[in-house]
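What follows is each chain in one-letter form.
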Amino acid sequence: MFNDDAVEVSKLLNLTLTHRGAMPMCGIPYHAAKNYLKRLLDYGKKVAVCEQFLDPNEKSKLAKREVTQVYTPATVVDDEYLDSLSSSFVAAINVEKRGVHIAWSDISTGEFYIRTIPLEKDFSRLDSLLYEISPKEILVPDDIYFSNKEFRNVIDSASSIVSKLPTWYFSLKEGRKQTEKQFSSNALRILELDEKDPILTSIGALLCYLNDTAKAELPQLRGIERIGDESFMFLNSATIRNLEILTSLTEGGQRYSLFSTINRTLTPGGGRFLKWALVHPLVDISKILKRQEWVERFFNNTEELEKMRQELKETSDLERLGVKVGMKRATPRDLVAISESTATFIDMVESRNEYLSVIDDDSDYDWNALIDFSTECLKAINKECTNINNEGTIINDGYDEELDSLRSLSNGGSKELDEYLDKIKAETGITTLKCGENRIIGCYLEVSKGQLDKVPPTFIRRQTLVGGERFSTAELNAIQDRILNSKEDAAKRERRIYSSFVEKAYSLRSDIERMGKVISLLDFYCFLAYLSKECNWVKPTLKEIGELEIKEGRHPVVEANTER
């Protein structure tokens, strides 16, 4: 880092500040970058990562540098930077006379929502929505932000990074362009959006910003869900705070909140869905009854519930891993985690295909391609490898015969040299023949004085010793060349094998994310059944008569924290 960036970061990360001439500089080891990046993101900073690009034919020129990724608290997808139980939303907000238009997305899971709320002088509904979704970052048009004091106060009061963008980001033209680019040329018809719908201004700004920062394709963003007042019960920010649904008024953190008190989910996706469900109560009685049916199924079958929860523990966060695969940022360990979770999932749903109906999707799914990929992946990829730059440790020994041969050569080629020495001994009858290597002549065959008369004409004299002679042969030179080139060839072969798995996983990314969605919802239903048994909860009877009757009710938080 240089200049003002170096001065600021040296203070934040306690780094040594140096200078080159009058230019302040500070730096970090590249292999420890993730630790430092996380600390900067926790401080609410954005970090642009530049990498050096050098054309082999232009070695004398200054190497070019390009921004390869921009890290912001809301646009990271790596586990190291994410809270597994919380969504990582970035929201784009535009204001015009017809209302306040909000688009928000979590690129780590592929969620993308839109909503239009009435325009109010104090922006109280916007304040409630921001508290509800808790975006890590908010995008606003710079002209509205600076000209509207009430709007600015609400935006600044949110615990989010605020990025003021030029007005053109929020143009209708840009909105249509970005929407069709991301989703398809007929996206407006599919998403049921009018080409002059002002919500497009926020959609466009959000998509443009996400593409600018990710520097990669975003295939996980496949659709948009419009959130309306008819979908969920509206809870304003005061209600969510005072009911202590997500945070405690006294503690300030999650302790003693409803979420932390009742959360018995076993997967990150299940925990995130619970958090969403608590602040988005359903109002559609048919959807509520569907939830009750699933909970009752597991509640009434203790053996099935225990087996399911045990299997859920063995799964990874496939929703986020699928996104990393789609953005081509998955590590070898990620592919192994996907493969192991797939095996667990198949055991889970085997002969119980009705589990797949937890998601509202009528499609028939064929998991065979993902199963085949996972089986092969577990054979090939080293589960301990976390970095694709760790050459020689990505693909397991014994998986690929050619790679094994190259690795053997790169480790000195002792097996091939021994086999060649045995062959030459047999052909020449030189029983004292030795094979060695030095820096001057490379690999050689050493013959003692007493057996020099057996040396064939194909031997090439290289060195004379007191007790004998050293020779080379065309075949020995070829073996030596293979040994010298084998390390690079092994690395190329390993990268080629790994790349084939990356490309296959990319083609299966939708199945991976869908599987993760099923796992998250099953975890959610199992958690409710488990908690009902643990806390002796009962199933409420629902009627559309506008009356509420509770007998001998207890508050879950009070009950959990009352000494008996």
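Residues numbered from 1 in each chain as written. Predicted model: local features only at pLDDT ≥ 70, side-chain atom pairs only at ≥ 80, totals over all residues. Heavy atoms only, no water.

**Here we look at the overall build of the protein chain**
As a reminder, the rule being used: Strands here are runs of E lasting at least two residues and helices are runs of H or I lasting at least four, both read from the DSSP assignment and numbered beginning at the N terminus. Just to be clear, the radius of gyration here is over C-alpha atoms, and the globule rule we use is 2.2 Å times residues to the power 0.38. Relative accessibility thresholds used throughout: buried, under 20% of the residue-type maximum; exposed, over 50%; partly exposed, between the two (1.4 Å probe, protein chains only). The contact rule is simple, with two residues in contact once any of their heavy atoms fall within 4.5 Å.
Check the secondary structure of the protein chain and you find 21 helices and 14 strands. At 31 Å, the protein chain has a C-alpha radius of gyration far larger than the 24 Å of a compact globule built from 564 residues. Taking all 564 residues of the protein chain together, the buried fraction comes to 47%. Contacts in the protein chain between residues far apart in sequence, at least 24 positions, make up 65% of those at least 6 positions apart.

**Examining the environment of aspartate 347**
Counting through the fold element by element, aspartate 347 comes out in helix α15 (residues 332–349). In this structure, aspartate 347 is in contact with Lys307, Glu311 and Arg352, ignoring residues within four places of it in sequence.

**Some words on the packing of helix α6 (residues 172–183) against helix α8 (residues 199–214)**
Just so we agree on the cut-off: Convention adopted: a line fitted to C-alpha atoms gives each axis, helices being fitted over their contacting stretch, and angles between N-to-C directions are expressed from 0 to 180 degrees. Here the word oblique covers every angle except those under 35 degrees (roughly parallel), over 145 (roughly antiparallel) and from 65 to 115 (roughly perpendicular). The handedness criterion is simple: a crossing whose near helix is rotated anticlockwise from the far helix by less than a right angle is left-handed, and one whose near helix is rotated clockwise is right-handed.
The geometry of α6 relative to α8 is characterised by a closest axis approach of 7 Å and an angle of 60 degrees between their N-to-C directions. Judged by the angle between their axes, α6 and α8 are oblique. Judged by the twist between their axes, the crossing of α6 over α8 is left-handed. Residues Leu172, Glu174, Gly175, Arg176, Gln178, Thr179, Gln182 and Phe183 of α6 lie in contact with α8, whose contacting residues are Leu200, Thr201, Ile203, Gly204, Leu207, Cys208 and Asn211.

**A few points about the environment of cysteine 26**
Here cysteine 26 is to be found in the loop between β2 (23–25) and α2 (33–42). Looking at cysteine 26, the relative accessible area reads 8%, which means it is buried. Placed 19 residues apart in sequence, cysteine 26 and valine 7 show a C-alpha to C-alpha distance of 7.8 Å. Not counting chain neighbours up to four residues away, the residues in contact with cysteine 26 comprise Met1, Ala6, Val9, Ser10, Leu15, Thr16 and Leu17.

**Side note on the sheet that holds strand β7 (residues 111–117)**
Strands pair in a sheet through their backbones, by hydrogen bonds, and they do so in one of two ways: parallel or antiparallel. The condition is simple: Strand pairing requires that DSSP identify at least two bridges connecting the strands.
If you walk across this open sheet you meet the six strands as β9-β8-β5-β6-β7-β10, and the pairing is mixed. Looking at strand neighbours, the two that pair on one side only are β9 (161–165) and β10 (225–226), the edges of this open sheet. Judged from the five bridges that link them, strand β8 (residues 137–141) and β9 form a sheet pairing that is parallel. Counted as the bridge partner of proline 141 is leucine 165 from β9.

**So, the side chain of glutamate 494**
Condition: A 3.5 Å cut-off defines polar contacts: any pair of N or O atoms within that distance qualifies, except that in protein one atom must be a possible hydrogen donor and the other a possible acceptor, and neighbouring residues in sequence count only when both atoms are side-chain atoms.
Considering the arrangement of structural elements, one finds glutamate 494 in helix α19 (residues 474–507). Within the structure, glutamate 494 has its side chain in polar contact with the backbone nitrogen of isoleucine 394 (distance 3.0 Å).

**Comments concerning the nonpolar core**
What counts, and what does not: By nonpolar core is meant a set of buried Ala, Val, Leu, Ile, Met, Phe, Trp, Tyr and Cys residues that side-chain atoms within 4.5 Å join together.
Core analysis: the largest hydrophobic core is formed by 93 residues, its most contacted members being Ile93, Leu126, Ile155, Phe298 and Leu335. For this core, the element with the highest residue contribution is helix α20 (residues 509–535), accounting for 12 residues. Filtering out sequence-adjacent residues up to four positions away, phenylalanine 298 remains in contact with Glu304, Leu305, Met308, Tyr355, Leu522, Tyr525, Cys526, Ala529 and Lys533. Membership of the second largest hydrophobic core comes to 31 residues, among which are Ala74, Leu165, Leu206 and Ala214.

**Some points on helix α1 (residues 3–13)**
For clarity, the cut-off: In this description, one arc is meant: the one made by directions from the helix axis to the C-beta atoms.
Within α1, burial applies to Ala6, Val9, Ser10 and Leu13. For α1, the arc enclosing every buried residue in end-on projection is 105 degrees, short of the 170-degree limit, so these residues lie on one face. Seen from the open side of α1, the exposed residues pointing more than 90 degrees away from its buried face are Asp4 and Lys11. Contacts made by the buried residues of α1 are with β2 and α2. Looking one or two residues beyond α1, the residue adopting positive phi is asparagine 14, at roughly 55 degrees.

**Topic: helix α11 (residues 268–279)**
Just so we agree on the cut-off: Expected helix span is given by 1.5 Å per residue-to-residue step, counting one fewer step than there are residues.
For α11, which comprises 12 residues, the first-to-last C-alpha distance of 17 Å matches the rise-based estimate of 16 Å (1.5 Å per residue) to within 8%. The element α11 is extensively covered by neighbouring structure, given that 12 of its 12 residues are classed as buried. Where α11 is concerned, the buried positions are Pro268, Gly269, Gly270, Gly271, Arg272, Phe273, Leu274, Lys275, Trp276, Ala277, Leu278 and Val279.

**Quick word on empty space enclosed by the protein**
Just so we agree on the cut-off: Cavity: a set of points on a 1 Å grid over the protein atoms alone where a 1.4 Å probe fits but cannot get out. Pocket: an open set with protein on both sides within 12 Å along at least five of seven lines, its lining residues, like those of a cavity, having an atom within 4 Å of a point. Grid points are joined across faces, edges and corners, and a volume is the space filled by probe spheres set on the points. Three residue categories are used. Nonpolar comprises Ala, Val, Leu, Ile, Met, Phe, Trp, Tyr, Cys and Pro, charged comprises Asp, Glu, Lys and Arg, and polar comprises the others, including Gly.
Taken as a whole, this structure holds two cavities of 30 Å³ or more when the rule is applied. Estimated volume of the largest cavity: approximately 60 Å³. Every residue lining the largest cavity is counted, 10 residues in all, and those nearest its centre are Arg115, Glu132, Phe232, Met233 and Phe234. Here the lining of the largest cavity is composed, by residue class, of five nonpolar, two polar and three charged. Approximately 40 Å³ is the volume found for the second largest cavity. Lining the second largest cavity are Thr267, Pro268, Gly269, Ser316, Asp317, Leu318, Glu319, Gly516, Ile519 and Ser520. Counting residues per element, the ones that place at least two in the lining of the second largest cavity are α11, α14 (318–326) and α20. In terms of residue count, the dominant contributor to the lining of the second largest cavity is α20 (three residues). For the lining of the second largest cavity, a count of residues per class yields three nonpolar, five polar and two charged.

**Observations regarding the sheet that holds strand β11 (residues 434–438)**
With respect to topology, four strands assemble into an open sheet ordered β11-β12-β14-β13, the strand pairing being antiparallel. Edge positions in the sheet fall to β11 and β13 (460–464), since each of these pairs with one other strand and no more. Direction aside, the axes of adjacent strands within the sheet are offset by 40 degrees on average.

**A look at unusual backbone geometry**
The bulk of non-glycine residues show a negative phi, and the bulk of peptide bonds are trans. Even without being glycine, glutamate 244 reaches a positive phi, approximately 50 degrees. Along the chain, glutamate 244 turns up in the loop between α9 (237–242) and α10 (258–262). Positive phi, close to 70 degrees, is recorded for tyrosine 256, a residue that is not glycine. Mapped onto the elements, tyrosine 256 comes out in the loop between α9 and α10.

**Observations concerning the packing of α11 against α20**
At a minimum axis distance of 8 Å, the contact between α11 and α20 shows a crossing angle of 65 degrees. Looking at the two axes, α11 sits roughly perpendicular to α20. Where α11 crosses over α20, the two elements pack in a sense that is right-handed. Note on element contacts: α20 touches α11 through Ser520, Leu521, Asp523, Phe524 and Phe527, opposite Gly269, Gly270, Gly271, Phe273, Leu274 and Ala277. Of the residues contributing to the contact of α11 with α20, the split by class is six nonpolar, four polar and one charged.

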